[in-house]
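Spelled out from the first residue to the last, the chains are:
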Amino acid sequence: MSSTSLLAFLENLSRQRHLTAIRQGMVASMPLVLLGSLTIMFISLPFAAYQEFLSRHLGTNADLFANRIIEGTYNILSLVFVIAISYFLAKEHPVLCRKQFNPFLISLLSLSCFIVWMQPVMKGAAGSMPTPSYGIISTFPAIVTAVVTTELFAWLACRPALIIKYTPNSVDPILTQITRILPALTLTILIFAAAKMASDTVVFTHLSAPFYAWLRQLFGTVENQLAQLLLFTLLSHLLWLCGLHGINILHAILDRIDLVDVYTIAHTTLGNVSTAAPALNKTFLETFAYLGGSGSSLCLILAFFLASRRAKTDPLIKFALLPGLFNINEVLIFGLPILFNPVYFLPFLLVPVISILLAYFAIISGLVPPITQPVGWTTPPILNAYLATGSIAGVILQLLTLTIGTVMYFPFVRLHEKSRQAALWQAFSDFLEEIETRPVHLTKPYLDRQDAVGALARRLYADLKEDLAGDRLCLEYQPQVNAAGRVIGIEALLRWPHQHYGRIAPPITITIAEESGLILDLGRWVLREACRQQKEWENAGNSGQRIAVNVSALQLECETLDRDIADALSAAGLSASQLEIEITETAALKNPAATNAILHNIRQTGVRIAIDDFGAGHTSLLYLKNYPIDILKIDRILSQDVLTDKNSQEIIASITSLCASLHIETITEFVETELQRQKLAQLGCGIYQGYLYSPALPANQAAAYIRQQNQGISNTG
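If you're wondering where the values come from, they're calculated on a predicted model, not measured in any experiment.

Trainee: How should the overall build of the protein chain be read in this particular structure?
Mentor: Counting secondary structure elements, the protein chain contains 33 helices and 13 strands. Within the protein chain, buried positions represent 49% of all 717 residues. A separation threshold of at least 6 residues defines the contact pool for the protein chain, and within that pool the share at least 24 residues apart is 71%. For the protein chain, the accessible area works out to roughly 33,200 Å², and carbon and sulfur atoms hold 61% of it.

Following this line, the structure appears as structure tokens:
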């Protein structure tokens, strides 16, 4: 399979809705997992002075405080998983979305079904199973329950017989919806209760009971302790890849195979050489195989720093490093994520296995002393190797396994980055296409969407806010040239050079700014910068042209727009006649009365008003009658086909004739060839903007262009 096909396969797999919902549910639980992990680290750091400090100053209160946090985080994770996974699955479910069911109701239904399923088995009056655990150990049944409940309810909700057609006359939509779907909700819970009773009858005392029975049988067939440890490692990491805490789930199995007492070193004789067999116990795993947590996550973090340009600035990778040093990898597992990520399937399984084999043979060959001291699992690497083996050779061995693991992860990190980049550019493409083709009233706010485009929009919003505050945006300037070749105007165009993604398409920038409310601050910045630049050109001898600035619909609705314009002119020392404000047809349509009032206020100050993209929207000749318009810009939808399309020619000729009679200037956009300009001139167009003359230029290049074009041409030329 080629790299391109593999990337396509991974992208398609990542979009599978069940896997996506499970992954989103796991990621949503990351704060609880992280807090629980850090709490365990806080109470378990293996430093004598630290433990003495806790005992002396906090006593039993430290344990009590930590246990309360753990009870509210780790020990309810399966409940959080079932709610979150069901919510995300219902939110994007084709049937449930079409019927507009509230996804929160479905997540509550899944929670109810999960609790029904997890109830202990009662055997008469005397026997019962222990109280169910809702912590990490029960995440597997939580995932299964969330998916099965959501899909079962979606199927039942499509049955007309299970929908109550007569609903109460209530203004509360939730009450109305609950009443309509009450039979389907009830039947879903009843099916789970019946399935639970049936499973109890056939002695499946718990969803995971058959799983543990199979594990005990499997490990019972393997007598060699090294083979058992390798098998345990493979199984625990397979569970992790499915989003389950493999070590916690298999803890009982680890206790069964931890046969060598940590203080008792068995001796074997290989030929005439007496060697010590390694103590294959939990400390052995944590010292040499689980560096940074399961999957040797510290190796993965280092591989990111070595191979990924993005890791240099990615807060997730940096933040994962600190807990990773204490063997806490939940930030990486749930945040990257590793779970349900096929890219890391092989290295996540193989790196710990290779590390175990390397450490095992290094110890039995006598190069490294065996494990002689138990070490807490939160002990940082290097230190835990020295404490466990009592030798610098143990540290060297650990550094070797860390290096090999990092090298093994390296190509997979590169592949992951390529996959992420491909997904990112696809999201950019989808984002831009939707902005340009979908009507605004049919588009859900991008910042509220839960798909790849929504995630990209939220990321860009945070970056735009930061870059606007840090003055990292810029303007470029595209000349407007008259028939004599003189630059009589120049349009200021916003550019956002993103530090990671390169130049962001202006429609994306404006859409994010409008949705987030940044557009007002952004618009003020553009006005100030454009006026400042125009004054700088004027002082340098480039005069006679006006500067045009685009104003969005939201700025038009803002009562302070006229004051913002006046402030920008005053700050730059620029006369109002040198500024032109461009508004689109769509913006003008939103609130015609208010728009007319504010445009008249602006026009009275001497600022010129232009209608942009005329012909691309809901064109109305009433604009020309009611609004104080000085300039009308003919859109490319008309100008680009002017050489071949008779209708475009007739429309342009009509527009220019009408504007001439009303003393309104016309500027034709997207003029790219001389033949096109000549035809437009025949149709009455006298001012042009487009690549025939110049693309948008940085300020210094625009100044040079103005000087070159206007040299020897009079203002009236």
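Trainee: Is there a simple way to think about the packing of helix H16 (residues 297–307) against helix H21 (residues 392–437) in this case?
Mentor: Packed helices, taken two at a time, are described by the angle between their axes plus the distance between the axes. Where H16 contacts H21, the axes come no closer than 7 Å and their chain directions differ by 55 degrees. Taken as axis vectors, H16 and H21 run oblique relative to one another. For the element pair H16 and H21, the recorded crossing hand is right-handed. On the side of H16, the interface is formed by Leu298, Cys299, Leu300, Leu302, Ala303, Phe304, Leu306 and Ala307, while H21 contributes Thr401, Leu402, Gly405, Thr406, Tyr409, Phe410, Val413, Arg414, His416 and Glu417. Taken together, the residues that form the contact of H16 with H21 break down as 12 nonpolar, 4 polar and 2 charged.

Trainee: Would you take a moment to explain the pairing of strand S11 (residues 631–634) for this structure?
Mentor: Both faces of the sheet carry side chains from a regular strand, because those side chains alternate between them. Alternating residues of S11 divide into Ile631 and Lys633 and Leu632 and Ile634, and every residue in both groups is buried. One ladder, built from 3 bridges, connects strand S10 (residues 608–614) with S11; its direction is parallel. Its bridge partner being in S11, Ile611 is matched across the sheet by Leu632. Bridge analysis of S11 against strand S12 (residues 665–668) gives 4 bridges, and the strand direction is parallel.

Trainee: Looking at this structure, I do not really get the packing of aromatic side chains. What am I missing?
Mentor: To describe a pair of aromatic rings, one takes the distance between the centres and the angle between the planes. With the rule as written, the count across this model stands at 10 aromatic pairs. For the ring pair Tyr477 and Trp537, a centre distance of 4.9 Å and an interplane angle of 75 degrees mean the geometry is edge-to-face. In this pair, Tyr477 sits in strand S5 (residues 474–482) while Trp537 sits in helix H24 (residues 519–539), placing the two residues 60 residues apart along the sequence. Taking 6.3 Å as the distance between ring centres and 15 degrees as the angle between the ring planes, the aromatic pair formed by Tyr688 and Tyr693 counts as stacked. We classify Tyr688 as buried; its relative accessible area is 0%. Among the aromatic residues, ring-to-ring pairing joins Trp425, Phe428 and Tyr501 into one connected group. Taking NZ or CZ as reference, Lys196 lies 5.7 Å from the ring centre of Trp117, over its face. A cation over a ring is seen here: Arg636 above Phe670, with NZ or CZ 4.9 Å from the ring centre.

Trainee: For this particular structure, what's the right way to read helix H9 (residues 139–156)?
Mentor: For an α-helix the count is 3.6 residues per turn, leaving residues at separations of three or four pointing the same way. With 18 residues, H9 should cover 26 Å at 1.5 Å per step; its first-to-last C-alpha distance of 25 Å lies within 8% of that length. The buried fraction of H9 is high, at 13 of 18 residues.

Trainee: Looking at this model, I keep getting lost on the packing of H16 against helix H17 (residues 315–324). Mind explaining?
Mentor: Look at H16 against H17: their axes get within 10 Å of each other, and the N-to-C directions meet at 150 degrees. On the basis of their axis angle, the class for H16 and H17 is roughly antiparallel. Taken as a pair, H16 and H17 cross one another with a handedness that is left-handed. Across the interface between the two elements, Leu298, Ile301, Phe304 and Phe305 from H16 touch Ile317, Lys318, Ala320, Leu321 and Gly324 from H17. Its residues assigned to classes, the contact of H16 with H17 comprises 7 nonpolar, 1 polar and 1 charged.

Trainee: I'm lost on the side chain of Thr233 in this one. Help?
Mentor: Examined against the element boundaries, Thr233 turns out to sit in helix H12 (residues 225–241). A residue is classified by how much of its surface remains accessible, and Thr233, at 0% relative accessible area, is buried. Ignoring anything within four residues of it in the chain, the contact list for Thr233 reads Leu285, Tyr290, Pro352, Val353 and Ile356.

Trainee: Sorry if this is basic, but what is going on with the pairing of S5 here?
Mentor: Counting buried positions along S5 yields 8 of 9 residues, so the element is predominantly enclosed. The turn joining S5 and strand S6 (residues 487–498), which pair antiparallel and follow one another in sequence, is formed by 4 residues; a positive phi near 95 degrees is taken by Gly485.

Trainee: It is not clear to me how the environment of Leu19 should be interpreted in this structure. Could you clarify?
Mentor: Tracing the sequence through the fold places Leu19 in helix H2 (residues 17–28). Spatially, the C-alpha atom of Leu19 lies 9.6 Å from that of Cys242, the residues being 223 residues apart in sequence.

Trainee: Help me understand unusual backbone geometry, please; the structure alone is not making it clear to me.
Mentor: Peptide bonds are trans in most cases, and residues, glycine excluded, mostly fall at negative phi. A positive phi angle is found at His663, which is not glycine, with a value near 60 degrees. Structurally, the position occupied by His663 is in the loop between helix H31 (646–661) and S12. In this structure His663 comes out as exposed when scored by relative accessible area, which is 72%. One non-glycine residue with positive phi stands out, namely Phe670, at about 60 degrees. If you trace the backbone, Phe670 turns up in the loop between S12 and helix H32 (674–682).

Trainee: How should I be thinking about the nonpolar core in this particular structure?
Mentor: One recurring pattern in soluble globular proteins is that nonpolar side chains are buried together. By size, the foremost hydrophobic cluster in this structure holds 78 residues, and its most contacted members are Leu460, Ile547, Ile565, Leu579 and Ile581. For this core, the leading source of residues is H24, giving 8 residues. If sequence neighbours within four positions are ignored, Ile565 has contacts with Leu527, Leu579, Ile581, Ile602 and Val607. In terms of nonpolar packing, the next biggest core, distinct from the first, is built from 70 residues, Ile22, Val147, Leu332 and Leu339 among them.

Trainee: Is there a simple way to explain the environment of Cys531 in this structure?
Mentor: Tracing the backbone shows Cys531 in helix H24. Residue Cys531 is classed as buried on the basis of its relative accessible area, which comes to 0%. Taking the C-alpha atoms as reference points, Cys531 and Leu579, 48 residues apart in sequence, are found 7.6 Å from one another. Those residues in contact with Cys531 that sit more than four places away from it in its chain are Ala568, Leu569, Ala572, Leu574 and Leu579.

Trainee: How do you make sense of the side chain of Ser648 when you look at a structure like this?
Mentor: Within the secondary structure layout, Ser648 lies in helix H31. On the basis of relative accessible area, Ser648 is assigned to the buried category, the value being 5%. Once residues within four sequence positions are removed from consideration, Ser648 is found in contact with Ile637, Leu638, Asp641 and Val642.

Trainee: How should I be thinking about the pattern of salt bridges in this particular structure?
Mentor: Oppositely charged side chains can pair when the atoms bearing their charge come close. This model, assessed by the stated rule, comprises 19 salt bridges. The salt bridge involving Lys633 is made with Glu491; its shortest N-O contact spans 3.0 Å. With Lys633 in strand S11 and Glu491 in strand S6, this residue pair connects regions lying 142 residues apart in the sequence. In terms of burial, Lys633 and Glu491 fall into one category: buried. Arg677 serves as the salt-bridge partner of Glu674, at 2.9 Å between the closest nitrogen and oxygen. Of this pair, Glu674 and Arg677 both sit in helix H32, 3 residues apart, which is roughly one turn of that helix. Looking at Glu674, the relative accessible area reads 36%, which means it is partly exposed. Judged by its relative accessible area of 17%, Arg677 is buried. One network of salt bridges, in which partners are shared, links Glu491, Glu582, Lys633 and Glu669.

Conventions adopted
- Residues numbered from 1 in each chain as written.
- Predicted model: local features only at pLDDT ≥ 70, side-chain atom pairs only at ≥ 80, totals over all residues.
- Heavy atoms only, no water.
- Helix = DSSP H or I, 4+ residues; strand = E, 2+ residues; numbered from the N terminus.
- Buried < 20%, exposed > 50% of the residue type's maximum accessible area, 1.4 Å probe, protein only.
- Contact = heavy atoms within 4.5 Å.
- Areas by Shrake-Rupley, 256 points an atom, 1.4 Å probe, with all protein chains shown as cover.
- Axes fitted to C-alpha atoms, helices over the stretch in contact; angles between N-to-C directions.
- Parallel < 35°, antiparallel > 145°, perpendicular 65-115°, else oblique.
- Left-handed = near helix turned anticlockwise from the far one by under 90°.
- Nonpolar A, V, L, I, M, F, W, Y, C, P; charged D, E, K, R; others polar.
- Pairing = 2+ DSSP bridges.
- Phe/Tyr/Trp six-rings, centres within 6.5 Å; stacked < 30°, edge-to-face > 60°.
- Lys NZ or Arg CZ within 6 Å of the ring centre and 35° of its normal.
- Expected span 1.5 Å × (residues − 1).
- Core = buried A, V, L, I, M, F, W, Y, C linked by side-chain atoms within 4.5 Å.
- Salt bridge = Lys/Arg side-chain N within 4 Å of Asp/Glu carboxyl O.

Geometric values such as these leave the question of function open.
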